[in-house]
Structures are given as structure tokens and as C-alpha cells.
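Descriptive structure summary
Below, each chain spelled out in residue letters.
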Amino acid sequence: MIYPTILCGGSGTRLWPLSRKSYPKQFVPLLGEETLFQASARRLTGAGYAAPVVLTNSDFRFIVTEQLAAVGIDPGAILIEPEGRNTAPAVLAAALHLHAIDAEAVLLVAPSDHAIPDAAAFQAAVQRGLAAVDQGQIVTFGITPTRPETGYGYLELAHAPEASEAPVALTRFVEKPDLARAEEMVAAGSFLWNAGIFLFRAADMIAAFEAHAPEVLAPVRAALAGAQTDLGFLRLAPEPWGLAPEISLDYAVMERAANLSAVPFSGAWSDLGGWDAVRAAGPEDATGTVTSGAATAIDCTASLLRSESEGLELVGIGLDNIIAVATNDAVLVADMSRAQDVKKAVEALKARKAPQAVQFPKDHRPWGWFETLALADRFQVKRIVVHPGAALSLQSHHHRSEHWIVVQGTAKVTVDETVQLVTENQSVYVPLGAIHRMENPGKVPMVLIEVQTGSYLGEDDIIRYDDVYARGQGAKG
């Protein structure tokens, strides 16, 4: 049995403004209707595959379950990392967890934000790697280069891959090269792009950490031993987890181990590491231009135009090699050759303390989502969408009152001792300090407009008394 293990905690700043810390690229439908995370999970299902194990952080835990449910996938364990410590502790935690369940467990570890359109071809590559895994090898997957790419790391093989794409002994990992070195490696024929996907027996990976990175093993063991179950999630213990070195799996184990093999993969693949990669993966018109949403290209070539807002028309005229991405609260315009520099824009916005640097316009919660429509010093207007059967926490505020107007569906509203149903075009007032809750008792999404007034409108002005999602106190809990 193969246990798919999906790493789902990155921030994807190079795809700003669509991907942000609060809602990164793996949860966004970049290439079609499904998100990258959903496509990754679907790619790792089928005969011989167990339910996927997911490693993520607390803020994303309900997004993970919601998106998996939307594509009909019932997850296995969802491990909550108290903080990001890079891939080595995350992979080790999954290996230890699964080894305790199944001593013969084979893990297929994959990022949640890569695009591999041909799922059948990828699963065939996984099957080719199993023979090496049975011999105690740790297998990684390498992409057959199609160009001298400087944005990827490389795998050097003992010899050029065979036509069968059978596993080949892995000689070493190569950091991202300059163009001259990349051209040499592609010409040599014995180098692959490093896809960051791994296949191994849990026991072999644990042994590799014991031999090469014991400093990671002890704190991760302790974090798993002290883990607590929370609404079906497994929260790793924060104190020992924080003692684990922040290190990648490549540096901790893969560059030191001797039992390594690589499976070549010649199918389409992209890590979607920048808007240039999104354009390359998208459906181009005759001029090489890709448009998405309410975007119109007139006499444009080799450009990407995306509007992520229903009410915002993006029009490009005479553009060449340009990225233009518009959301409700931010617009990016850049030369395609500067795609990797988008992260510099995020750092500049962080320095200015602009909320657009990290906060997505839609704030996703386990019960649904909300977005701010207007914000001033003493008032805020929000659109709130509540899923069928979902409920916000029973709460109060120190600094604001609220007025709710239902515009779709029916809300069950509690204000202190009063409980009532509020239907479309009806409203209710929540005084400052009142203990209140809204629920959606219906079978369709409930939408309301909330008008807040008060001296402080921050999301952390919440006192929770009861919450079906056990989030505790604070903005998200």
C-alpha cells in the first residue's frame, strides 16, 4: 500500500497578488476549475493508494478538509505543524506516524502546488520506482529537461536514463545553475530537474535520519509523542517541534545518503514557481498570450492577463512579454523576464505594512468566508457567506456593534437570550457587548451584509464562548 503524503504549507509569494501567506497558491484554481491541492490529491488516488496524509498548518486545516470533500476525497491523517520547519521535519513526522500504523508503509511524498497534467503517466512512474523501494532505496523523481532552466535544481545520475525510464542510481544533487552550466547539463543527458517528490519505505527514511540527521529525529519523535487529537486533526506538540532544525529533506538526508535512486519522468510538469510558468502552462492564443477571467487582450504577444475580480475588467493593448494580474485589492504589472522578482514586491509591501502583502481579500474560515467591501476609521462593511449547516462561534466584542442584513438564504441568529430566523431582506442589530451567533440552517449558502461600527474593528476583537470548530480565542483560534 502506498501512502500519499502531501506537503501543504507554503506561501507562494512569487504568484502574488493571487497567492498570499493567508491563502497560498496550492488552494487557488490557477489552471482550471480545480485547485492545485485538489489536483495533487486526485493524482495520488486509485488502486493501491491509501487515503492521503496531509501536513499543513493550523490556519489551513479547514481549507484542506473542505477542498478534499469538494472533490470526493476522504483524507487519512491531517498533521498540524505548529510552525514551519521546512520539509525534513515534516516528512519525518509523516514517516514516524505511518510506520507506527504499518511497519511496511511506503510513502509517496509530494508538494501540493505542482502541475502534472497526465496523472496516469505519473502513477506509472511511481510503479517503476517501487522495485527500487523494495530493495531499500530512497527514490526521488526527476523531470527530463526540455530546456536549460536556471530556476530549478538538478539531479545528476550515474548514467543517462534508458528509454524505459527505469530507476537510475543518483550521484548527487546540483543547486540552481547559471545558464552556461545548465546548458552543459542538458547537453550531457545525465541530469534531470529535481521535482522534490520522494518514494520510500517509512522504515528506510527513519533509518536515514538516524544515520544522517539524528538532531532532527529526537524533537520530531517528541512532537509526535505529545501530539493531541483535535476534531480529527493531529496537532504536533509545539515545544519539541520548535526545537527541530529548520532544514530541507535534501540537505538533511538526501545529499548524505548512499541508497538513492531517481526515476526519470518525461511527462509535462511545472512547479508553477512564477507567473511565467503559469503562462507556459496555460492555453495560449495564436500570439502566445494567456487570458483568464474578465481579461481582454488586444494585439498582445507572449503575455499573461488575469482578472480575479468579477467586477474588474482588465484590458491589455499592444503588450509584449508582460504579466498583468488584477485582484480586488491589488494589481501586478511586470515584464515576463522579471517574474522571479515578484517576491521583491511582497517584501516592499511588508516593509510598508500594507495588508495586501500577506492577507488575501477573502478571509476563509471553517464556516465559509468573508470579504471587506468598505473600511474606514469607525466602520466596516463585509460580505459574509456561510456554508449550509455551518455556524459561527458564539461570541461578543468589546469595541464594535454589528448590523446584519440577509441577502440570500436564511440565518438563524442568536443575540443574548433571543433566537430568531432572519430571511432575505430582513435585518438584525447586535449591540456592543451582546453575546451572539449566526448559523445557516438551510441547504444553500447564506449570504449577508455586515455593517460594523466602533472604535476598533480588528478581527482579534472576538471573545468566543462556544465554537463547533474548537478554535479557541483570537482572530482564527
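Under the annotation held in an unreviewed UniProt entry, the protein chain carries the name mannose-1-phosphate guanylyltransferase and is attributed to Rhodobacter maris. UniProt, in its Catalytic activity (unreviewed entry) section for the protein chain, records the words "alpha-D-mannose 1-phosphate + GTP + H(+) = GDP-alpha-D-mannose + diphosphate". As recorded by UniProt, the Sequence similarities (unreviewed entry) comment attached to the protein chain reads in full: "Belongs to the mannose-6-phosphate isomerase type 2 family."

Focus: helix H1 (residues 36-43)
Taken across its eight residues, H1 has six buried, putting it largely inside the fold. Three or more residues of H1 are buried, namely Leu 36, Phe 37, Gln 38, Ser 40, Ala 41 and Arg 43. As for H1, its buried residues are in contact with strand S1 (2-7), strand S2 (53-57), helix H2 (61-70), strand S4 (106-111) and helix H4 (119-134).

Description of the layout of surface pockets
If you add up the space inside the second largest pocket, you get close to 840 Å³. What lines the second largest pocket is a set of 29 residues, and nearest its centre among them are Pro 29, Glu 308, Phe 360, Lys 362 and His 364. Among the elements of the structure, H2, strand S12 (290-293), strand S14 (304-307), strand S18 (362-365) and strand S19 (368-375) are those that each provide at least two residues to the lining of the second largest pocket. Of the residues forming the lining of the second largest pocket, the biggest block, four residues, is contributed by H2. For the lining of the second largest pocket, the residue count by class is eleven nonpolar, eleven polar and seven charged.

Remarks on the packing of helix H3 (residues 87-101) against helix H7 (residues 214-225)
Closest axis-to-axis distance for the H3/H7 pair is 10 Å, and the angle between their directions is 55°. Compared by their axis directions, H3 and H7 come out oblique. Crossing geometry of H3 relative to H7 is assigned as right-handed. In contact with Pro 89, Leu 92, Ala 93, Leu 96 and His 97 of H3, H7 contributes Val 216, Leu 217, Val 220, Arg 221 and Leu 224. For the contact of H3 with H7, a count of residues per class yields eight nonpolar, one polar and one charged.

Parameters at a glance
Residues numbered from 1 in each chain as written. Predicted model: local features only at pLDDT ≥ 70, side-chain atom pairs only at ≥ 80, totals over all residues. Heavy atoms only, no water. UniProt positions renumbered as here; feature names shortened; annotations may be inferred. Buried < 20%, exposed > 50% of the residue type's maximum accessible area, 1.4 Å probe, protein only. Helix = DSSP H or I, 4+ residues; strand = E, 2+ residues; numbered from the N terminus. Contact = heavy atoms within 4.5 Å. 1 Å grid on protein atoms, 1.4 Å probe; cavity = no way out; pocket = protein on both sides within 12 Å on 5 of 7 lines; lining within 4 Å. Points joined across faces, edges and corners; volume = space filled by probe spheres on them. Nonpolar A, V, L, I, M, F, W, Y, C, P; charged D, E, K, R; others polar. Axes fitted to C-alpha atoms, helices over the stretch in contact; angles between N-to-C directions. Parallel < 35°, antiparallel > 145°, perpendicular 65-115°, else oblique. Left-handed = near helix turned anticlockwise from the far one by under 90°.

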